[in-house]
Amino acid sequence: VQLQACGGGLVQAGGSLRLSCAASGRTFSSYAMGWFRQAPGKEREFVATISLSGASTYYADSVKGRFTISRDNAKNTVYLQMNSLKPEDTAVYYCAASVLGRTLPRSSGLYEYWGQGTQVTVSS
């Protein structure tokens, strides 16, 4: 599985960005997908995850109500819509795939495949 994330950039506080992550392979619909982020000097942290069908999602408290994860299995793509961005959202954002059928995994150790990361910078 290869993951390619894009959509990061520089945005002012209060603005929005939409990240996309395209996956290779024909079994995308069998992977739980997640987004993580890592700020400078900090550990990688969980942001959001979505079930195989997209019917269920789970968010970190820090982004709940502002971020929305979604997926299009026909396009092998997962998205992260980020609204009301804050300077503390500045980080490299990574998409990840959990291929063993886990339900809404939140630990980075439960994801086997990772994208290369895309930088999100929110200015105050």
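Worth saying up front: this structure is predicted, and the values here are computed from it rather than measured.

Asks: Can you lay out the state of the cysteines for me, pointing to particular residues and giving the numbers?
Replies: Under the definition given, this model contains 1 disulfide. Of all cysteine sulfurs, the one in Cys21 lies closest to Cys6, which takes part in no disulfide; the gap is 8.4 Å. Overall, the relative accessible area of 43% leaves Cys6 in the partly exposed class.

Asks: Would you mind going over the nonpolar core in detail, with residue names and values included?
Replies: Counting residues in hydrophobic clusters, the biggest one holds 34 residues, and the most contacted among them are Trp35, Leu80, Met82 and Tyr93. Of all the secondary structure elements, the ones that give two or more residues to this core are strand S1 (3-6), strand S3 (17-23), strand S4 (32-38), strand S5 (45-50), strand S7 (67-72), strand S8 (77-82), strand S9 (91-98) and strand S11 (118-123). Broken down by element, the residue count for this core peaks at 5 residues, all from S9. When sequence neighbours within four positions are dropped, the list of residues in contact with Tyr93 reads Leu19, Trp35, Phe36, Arg37, Val47, Phe67, Leu80, Met82, Gly117, Thr118 and Val120.

Asks: Tell me about the environment of Glu43, and please be specific about residues and values.
Replies: Looking at the secondary structure, you find Glu43 in the loop between S4 and S5. Those residues in contact with Glu43 that sit more than four places away from it in its chain are Arg37 and Gln38.

Criteria and cut-off values
- Residues numbered from 1 in each chain as written.
- Predicted model: local features only at pLDDT ≥ 70, side-chain atom pairs only at ≥ 80, totals over all residues.
- Heavy atoms only, no water.
- Disulfide = S-S within 2.5 Å.
- Buried < 20%, exposed > 50% of the residue type's maximum accessible area, 1.4 Å probe, protein only.
- Core = buried A, V, L, I, M, F, W, Y, C linked by side-chain atoms within 4.5 Å.
- Helix = DSSP H or I, 4+ residues; strand = E, 2+ residues; numbered from the N terminus.
- Contact = heavy atoms within 4.5 Å.

Scope: geometric values only; no functional claims are made or implied.
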